[in-house]
Amino acid sequence: MHDGWEYVLTTYLLTSATLGVWFWMIGVKLRRQRRSRQEQARG
Amino acid sequence: MQPVFAPRTSRARVSPRLAAALALTLIPLATVLAFTWAPTNLIGIVDGEPQYDFPQKIFYWHVPIALAAYLCFAAGAWNGLLYLLHGKKDHDIRSYAGVHSGVVFGTLVLITGSIWAKIAWGVWWQWGDRQLLVFLTLYLFYAVYFVLRFSMDAGRTRERASAVFAVLGVALVPLSFMAIRIADTLIHPIVLTTDGNGMTGPMWTTFALAVLGFGALAVSMLQLETAGKLRALRGWCADEDEREATHA
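What you see is a predicted model, and the numbers here were worked out from it, not measured in a lab.

1. Considering the overall build of chain A
Now for step 1: Counting its regular elements, chain A contains 1 helix and 0 strands.
Now for step 2: Principal-axis analysis of the C-alpha atoms places the extent of chain A at approximately 60 × 10 × 5 Å.
Now for step 3: Here chain A holds 43 residues, and 33% of them are scored as buried.
Now for step 4: Surface exposure of chain A reaches about 2,900 Å², of which carbon and sulfur atoms provide 61%.

Have a look at this one:
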């Protein structure tokens, strides 16, 4: 194993987790808005 | 009754779905290539054992994320300028989304850079490096944007102040990019030079794919966040909390 592999792994995991959570949060918000519009359509 | 099938909120030049698909293809591809195809530089031999610059692999994410942050800040400033010229609320929302995305990417730049600095220089932060200081200044400047924006009541005054602030901040982007070239200490590694700075073809190809991937991710984030805020702004969403959060 190369020296510093744990730093590299930490960097990639941390970045992936942050961007993943951010993307997921935007997705949740947009889905909630779509549901809301559908409820309005049903009256 | 609120409109259900509302007209398009924007003329997005790039579909957020296409941008997201590009990002989800290119970023994993670049990551795999970084570890399997792009060579790892030999930095010396200790006790007969070759020593490789493995932490340099962080470069394939750190620099593209920094470029994505610059792209978002530039989008925030550009839309701030458009707001000042035309006074449309849409541009205010787009400017806000650009600054917000830029700060998220900027946070990742500082974290990944600090990790790389720790293994490369032995310290988490190097106060003598102008590149780091200018980026930190840029980051803190745009972090203050939120303090300014949310300390004022919603309305034209707040929108104008936010737009002016976003436009002023972008002046730091080229300064940050050039700072490394005018720095005295020359501690920060210069990678983007005309002679390639020792980077081989596979390293450049991998880097280019990562830049495109993170660029696409930034575009996708900007489009999606803007779409959500514009819907809330126009009352197409029944969620009162969300409308409040948008401060329309």
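Still more to cover.
2. Details of the environment of A:Trp22
Now for step 1: Within the fold, A:Trp22 resides in helix 1 (residues 5-42).
Now for step 2: For A:Trp22, a relative accessible area of 8% corresponds to the buried category.
Now for step 3: When residues no more than four places from it in sequence are discounted, the contact partners of A:Trp22 are B:His100, B:Ser101, B:Val104, B:Phe105, B:Met221 and B:Glu225.

3. So, the interface of chain B and chain A
Now for step 1: The interface is formed by 42 residues belonging to chain B together with 25 residues belonging to chain A.
Now for step 2: Roughly 3,200 Å² is buried in total at the junction of chain B and chain A, and carbon and sulfur atoms are behind 72% of that figure.
Now for step 3: On the chain B side of the contact with chain A, B:Phe54, B:Trp61 and B:Met221 bury the most area, a combined 18% of that side's loss.
Now for step 4: Taken together, chain B and chain A are joined by 0 salt bridges.
Now for step 5: Where chain B packs against chain A, one counts 2 residue pairs in polar contact (both at pLDDT 80 or more).
Now for step 6: If you list the elements that add at least two residues to the side of chain B that touches chain A, you get helix 1 (16-36), strand 2 (49-52), helix 2 (59-86), helix 3 (89-120) and helix 7 (201-233) of chain B.
Now for step 7: Here the residues of the side of chain B that touches chain A sort into 27 nonpolar, 8 polar and 7 charged.

4. Focus on a positive patch on the surface
Now for step 1: A grouping of A:Arg31, A:Arg34, A:Arg35 and B:Arg17 is seen on the molecular surface, where their side chains present a positively charged patch.
Now for step 2: At 3 residues, the largest contribution of residues to the positive patch is made by helix 1 of chain A.
Now for step 3: Its place among the elements puts A:Arg34 in helix 1.

5. As for the nonpolar core
Now for step 1: If you look at the biggest cluster of nonpolar residues, it comprises 56 residues, and the most contacted ones within it are B:Tyr60, B:Phe105, B:Phe214 and B:Leu217.
Now for step 2: Those elements giving two or more residues to this core turn out to be helix 1 of chain A together with helix 1, helix 2, helix 3, helix 4 (130-150), helix 5 (156-169) and helix 7 of chain B.
Now for step 3: In terms of residues, this core owes the most to one element, helix 2 of chain B, which gives 13 residues.
Now for step 4: Aside from chain neighbours lying at most four places away, what touches B:Leu217 is A:Leu19, A:Phe23, B:Ala23, B:Ile27 and B:Phe105.
Now for step 5: Membership of the second largest hydrophobic core comes to 5 residues, among which are B:Leu26, B:Ala30, B:Leu209 and B:Ala210.

6. What about the side chain of B:Ser220?
Now for step 1: Relative to the helices and strands, B:Ser220 resides in helix 7.
Now for step 2: Dropping the residues within four chain positions of it, B:Ser220 is found in contact with A:Phe23, B:Pro16, B:Ala19 and B:Ala20.

7. What to know about the environment of B:Gln51
Residues and elements named next belong to chain B.
Now for step 1: You can see Gln 51 is positioned in strand 2.
Now for step 2: Given a relative accessible area of 24%, Gln 51 falls into the partly exposed group.
Now for step 3: Taking the C-alpha atoms as reference, Gln 51 lies 8.7 Å from Asn 41; in sequence the two are 10 residues apart.

8. A few points about the pattern of salt bridges
All names here are of chain B.
Now for step 1: A complete count under the given rule lists 3 salt bridges over all chains for this structure.
Now for step 2: In this structure, Asp 92 and Arg 149 form a salt bridge, with 2.9 Å as the shortest nitrogen-oxygen distance. Taken as a pair, Asp 92 in helix 3 and Arg 149 in helix 4 lie far apart in primary sequence, 57 residues in all. The pair Asp 92 / Arg 149 is uniform in exposure class, with both members buried.
Now for step 3: A single network of salt bridges, built from pairs that share partners, joins Lys 89, Arg 156 and Glu 159.

9. Some points on the packing of helix 2 of chain B against helix 4 of chain B
Residues and elements named next belong to chain B.
Now for step 1: Where helix 2 contacts helix 4, the two axes come as close as 12 Å, and the packing angle between them is 45°. On the basis of the axis angle, helix 2 is oblique to helix 4. For the pair helix 2 and helix 4, the sense of crossing is left-handed. Mapping the contact onto sequence places Tyr 70, Phe 73 and Ala 77 in helix 2 and Phe 135, Leu 138 and Tyr 142 in helix 4.
Now for step 2: Residues that form the contact of helix 2 with helix 4 fall into these classes: 6 nonpolar, no polar and no charged.

What counts as what
Residue positions are counted from 1 within each chain, in the order its sequence is given. Whichever chain is written first becomes A and whichever ligand is written first becomes 1, with later ones labelled in order. Selection of residues for local features in this predicted model requires a pLDDT of at least 70, selection of side-chain atom pairs for listing and counting requires 80 or more, and totals for whole chains, interfaces and linings are taken over all residues. Note: side-chain values were computed over all heavy atoms of the structure, leaving out hydrogens and water. In this text, helices come from DSSP runs of H or I with a minimum length of four residues, and strands from runs of E with a minimum of two, each type numbered from the N-terminal end. Accessible area is worked out with a 1.4 Å probe on protein chains only. A residue is then buried under 20% of its type maximum, exposed over 50%, and partly exposed in between. Areas reported as accessible are Shrake-Rupley estimates using a 1.4 Å probe. Residue values count occlusion only from the protein chains shown. Residues are treated as being in contact if the distance between any of their heavy atoms lies within 4.5 Å. Summed over both partners, the accessible area lost on bringing two parts together, with a 1.4 Å probe, is the buried area. Only one rule defines a salt bridge in this text: a Lys or Arg side-chain nitrogen within 4 Å of an Asp or Glu carboxyl oxygen. Under the rule applied, a polar contact is a pair of N or O atoms within 3.5 Å (in protein, one hydrogen donor and one hydrogen acceptor; residues adjacent in sequence only if both atoms are side-chain atoms). Residues are sorted three ways: Asp, Glu, Lys and Arg are charged, Ala, Val, Leu, Ile, Met, Phe, Trp, Tyr, Cys and Pro are nonpolar, and all the rest, Gly among them, are polar. A patch consists of residues exposed above 30% relative accessible area that lack any salt bridge, with like charges linked at up to 9 Å and nonpolar side chains (Val, Leu, Ile, Met, Phe, Trp, Tyr) linked at up to 5 Å. Residues scored as positive are Lys and Arg, those scored as negative are Asp and Glu, and His as well as the terminal groups of each chain are ignored. Where a charge sits is defined by one atom per residue type, namely NZ (Lys), CZ (Arg), CG (Asp) or CD (Glu). Note on terminology: a nonpolar core comprises buried Ala, Val, Leu, Ile, Met, Phe, Trp, Tyr and Cys residues joined through side-chain atoms within 4.5 Å. Helix axes use the C-alpha atoms of the stretch in contact, all axes being lines fitted to C-alpha atoms, and the angles between their N-to-C directions lie in the range 0 to 180 degrees. Orientation is classified from the angle alone, with under 35 degrees giving roughly parallel, over 145 giving roughly antiparallel, 65 to 115 giving roughly perpendicular, and any other angle giving oblique. Here is the rule for handedness: rotate from the far helix to the near one, and if that takes an anticlockwise turn smaller than a right angle the crossing is left-handed, while a clockwise turn gives right-handed.

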